[in-house]
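# Coordinates in review
One-letter residues, chain by chain:
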Amino acid sequence: MKYRVWGLGADTEPPHHSTCRNLYCGIVAALELSLGPIHERIESSVRLEGCAAAPNSPDRVRNAQVVIKPPEPKFHEHRSSNTLAACSLLEPSLSEPKTPKLGGMLRLGMKFDKPELLILGLSLALRLVIVQYATWVPFSDTRDYHVLAHNLAHGQGYLQVYEGEAAEYQGMPLRAFRMPGYPVFLATLYTVLGWEPMWAYLANVVFELATLLLIVWLGQHLFSRRVALMAQALFGFHVLWTPNLMTESLFTLLFTALMAAGLLMDHTNRRPAASVGLAVSFGVLLAASVFVRPIAIVALVPALYHTATSTSGRRRLVLAVALILPLLAGLSLWSARNAQVLGDRVLLSTNFGSHNTASFGIDRQPLVTQARSQGLGEVAVDRLLRVEIRQEIRSDPIAAVGIYLRRALGLFSLEPAWEVGLLRQVTFSGPEGSPLISKVYRVLYAQYYVVYPLALFGFLGLLIRRKLGLLGWSLVAFAIVHAVVSDGNIRFAAPLYPILCLLASTGTFRSFRRANPRSLIRARQPVR
């Protein structure tokens, strides 16, 4: 069938007693005078707000409040001298603070004005036009996800009787071949809104617009506003996965959100209650991401490292438990379900063997056919293929190292995966398709040839300066772990594209920040 879609700044309260208040103001003024680099690290301006009394009257001093607020990020800012900064304590302004414009400096410090709004609007319009002419073609993963979602929504459980391209698996019942995150989402979406793939297309649009907002936030906090703006523009016209009903758009949002949550953890490392709450939220988000794609677990590495280096004692243990417990709880329930249904405690999925045999030159068809003729199920078949892979590695370890490196480099290959090639041919060729939209879709793929070289330049610049930080180390961890569990292609690199856009922007503007090399996660105000 064919379907068509229509379209952190916190207020600081000084002491209440007037003498203590004056002493407090004097200390802040002294710090402003003596520690010039404090502007680089705190990036705050200090002013007094009081009642309508005379500027120098005792009543005004007694009723005043010291408010420390971060300034709005700008492209360039000429800092005032330390003397002028201190004088702001002695000569407070009587004017009320201006009301910020739409999307001005938010509590978490994101500047969102006309340029960002323009890119967001263009990105939305482009995606709505793209999906309007897209036709869903059930094949490979996109077919399997919809079959699983249909069975879930109609009370048949998490089950798929395979009827796909691999002849050796034809007619085989699969109950844990894929993680259930995306099928559960599709089943919920279709149950609420109606059983039409158009809703999944529109969900992809929402996911990618949310990812755009996270890119802006990450870019402004880690680099500068212009870096964030360029990265937003690059991702804004990245529509490769928008008309493809697979996990890419959702997982890209979840993985980018994990980066943002990891960055927020540094904002709250001095507030125990807030940091524990954020750690639990990070753990829940991580669990949801792993149930879409298990590779999301790599985000736990920088989070645990940050917790270990920024806290100590009992609080370090509490935060580590808060990070890991939601994931362990979710996987424990999934494993218990698999033990009941399959008779074996499958922790993740049963497709590791079938997904990796080709890389090691193993023909899985006779192995799977023979195993099925003996009455073996999906767990036993997967175990058999794993044994074959281990034997290949033991027989030629040097060749296995070469295979590993090839898989890691393949993650950043510009050659389209076979699914991408097929989708480009059939997505816009149906009765509702458009040759013009098909051409636009193909032309926009060319941005990969711009983003990847610039991202490499930005990555090397940060590496030389020892400033890889959260984004760089997350990319490295992803590439290292992914090459162990899967072959690499442009589809599997989809969740890294927001990071690559940010690195490409830094490579363009040479906007490299100073960072503490001891920490993988640095949460600072944007560079001016």
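Structure: above.
Residues numbered from 1 in each chain as written. Predicted model: local features only at pLDDT ≥ 70, side-chain atom pairs only at ≥ 80, totals over all residues. Heavy atoms only, no water.

### Remarks on helix H21 (residues 469-485)
For the record, the criterion: Helix and strand definitions follow DSSP, with helices as H or I runs of at least four residues and strands as E runs of at least two, each counted in order from the N terminus. One fewer than the residue count of a helix, multiplied by 1.5 Å, yields its expected span. Summary of the burial criterion: residues with accessible area below 20% of their type's maximum are buried, those above 50% are exposed, and those between are partly exposed, where the area comes from a 1.4 Å probe applied to protein chains only.
Taking 1.5 Å of rise per residue, 17 residues should cover 24 Å, and H21 covers 25 Å from first to last C-alpha, within 8% of that figure. Taken together, the buried positions of H21 are Gly469, Leu470, Leu471, Gly472, Ser474, Leu475, Ala477, Phe478, Ala479, His482 and Ala483.

### Section: the side chain of Asp144
Note the following rule: N or O atoms within 3.5 Å of each other form a polar contact, as long as, within protein, one can give a hydrogen and the other can take it, and as long as residues adjacent in sequence are counted only when both atoms are side-chain atoms.
Topologically, Asp144 is positioned in helix H6 (residues 140-153). Here Asp144 falls in the buried class, since its relative accessible area comes to 2%. A polar side-chain atom of Asp144 sits 2.7 Å from a polar atom in the side chain of Arg178.

### Focus on a nonpolar patch on the surface
Where we set the bar: Only residues whose relative accessible area exceeds 30% and that form no salt bridge are eligible for patches; like-charged ones are grouped when within 9 Å, while nonpolar side chains (Val, Leu, Ile, Met, Phe, Trp, Tyr) are grouped when within 5 Å. Accessibility throughout is a Shrake-Rupley quantity obtained with a 1.4 Å probe, and a residue counts as covered only by protein chains that appear here. A carboxyl oxygen of Asp or Glu within 4 Å of a side-chain nitrogen of Lys or Arg is what we treat as a salt bridge.
Together, Leu456, Leu460, Leu463 and Ile464 line one region of the surface with nonpolar side chains, adding up to about 400 Å² of accessible area. Along the polypeptide, Leu460 turns up in helix H20 (residues 448-464). Taking relative accessible area as the criterion, Leu460 reaches 40% and is therefore assigned partly exposed.

### With respect to the pattern of salt bridges
Inspection of every chain in the model, using the stated rule, returns 12 salt bridges. Between Asp144 and Arg143 there is a salt bridge, and its shortest N-O distance comes to 3.0 Å. Where Asp382 meets Arg386, a salt bridge forms, and the shortest distance between an N and an O atom there is 2.7 Å. Within this pair, Asp382 and its partner Arg386 are both found in helix H16 (residues 378-395), separated by 4 residues, close to a single helical turn. By sharing partners, the salt bridges in this structure join Asp141, Arg143, Asp144, Glu165, Arg178, Glu248, Arg293 and Arg491 into a single network.

### Examining unusual backbone geometry
Despite not being glycine, Ser140 has its phi angle at roughly 50°, a positive value. The topology assignment puts Ser140 in helix H6. Although it is not a glycine, Arg466 adopts a positive phi angle of roughly 55°. Its place among the elements puts Arg466 in the loop between H20 and H21. Looking at Arg466, the relative accessible area reads 67%, which means it is exposed.

### Examining the nonpolar core
To keep things clear, this is the line we draw: The nonpolar core is taken to be a set of buried Ala, Val, Leu, Ile, Met, Phe, Trp, Tyr and Cys residues, with the residues joined through side-chain atoms within 4.5 Å. Any two residues having at least one pair of non-hydrogen atoms within 4.5 Å are treated as being in contact.
Among the nonpolar cores identified, the biggest contains 107 residues, and Phe255, Met259 and Phe282 are the most heavily contacted of them. Counting residues per element, this core draws most heavily on helix H8 (residues 198-222), at 14 residues. Setting aside residues up to four positions removed in sequence, Met259 forms contacts with Leu218, Ala299, Leu470, Leu471, Ser474 and Ile499.

### Comments concerning the packing of aromatic side chains
The description of an aromatic ring pair uses the distance of the two centres, along with the angle that the planes make with each other. Quick note on the threshold: Planes of paired rings set the category: under 30 degrees apart is stacked, over 60 is edge-to-face and the rest tilted, where pairs are Phe, Tyr or Trp rings (Trp by its six-membered ring) whose centres lie within 6.5 Å. The rule for a charge over a ring is simple: NZ of Lys or CZ of Arg within 6 Å of the ring centre, and within 35 degrees of the ring normal.
Inspection of the entire model under this criterion finds 16 aromatic pairs. For the pair Tyr145 and Tyr182, a centre-to-centre distance of 5.3 Å together with 85° between the ring planes defines the contact as edge-to-face. Of this pair, Tyr145 sits in helix H6 while Tyr182 sits in helix H7 (residues 181-193); the two residues are 37 residues apart in sequence, bridging distant segments of the chain. Geometrically, the ring pair formed by Phe235 and Tyr497 is tilted, given 6.3 Å between the ring centres and 45° between the ring planes. A residue pair is termed long-range when its members are at least 10 positions apart, and Phe235 in helix H9 (residues 225-236) and Tyr497 in helix H22 (residues 497-509) qualify at 262 residues. Connected via pairs of aromatic rings, a cluster forms that spans Phe235, Tyr445, Tyr448, Tyr449, Tyr452 and Tyr497. One cation-aromatic arrangement involves Arg178 over Tyr145; the distance from NZ or CZ to the ring centre is 5.4 Å. Looking at Arg424, its charged tip hangs above the ring of Tyr445, at a distance of 5.1 Å from the centre.

### Notes on the packing of helix H5 (residues 114-132) against H8
How we decide: Axis definition: a line fit to C-alpha positions, over the contact stretch in the case of helices; interaxial angles, taken between N-to-C directions, run 0 to 180 degrees. The labels follow the angle: roughly parallel below 35 degrees, roughly antiparallel above 145, roughly perpendicular from 65 to 115, and oblique for the rest. In this scheme the handedness of a crossing depends on how the near helix is turned from the far one: anticlockwise by less than a right angle means left-handed, clockwise means right-handed. Under this grouping Gly is polar, as are all residues other than the nonpolar Ala, Val, Leu, Ile, Met, Phe, Trp, Tyr, Cys and Pro and the charged Asp, Glu, Lys and Arg.
Where H5 contacts H8, the axes come no closer than 10 Å and their chain directions differ by 160°. When the axes of H5 and H8 are compared, the pair comes out roughly antiparallel. Viewed along their axes, H5 and H8 form a crossing whose handedness is right-handed. Mapping the contact onto sequence places Glu116, Leu120, Ser123, Leu124, Arg127, Leu128 and Val131 in H5 and Tyr201, Leu202, Val205, Glu208, Leu209, Leu212, Leu213, Val216 and Gln220 in H8. In terms of residue class, the contact of H5 with H8 is built from 11 nonpolar, 2 polar and 3 charged.

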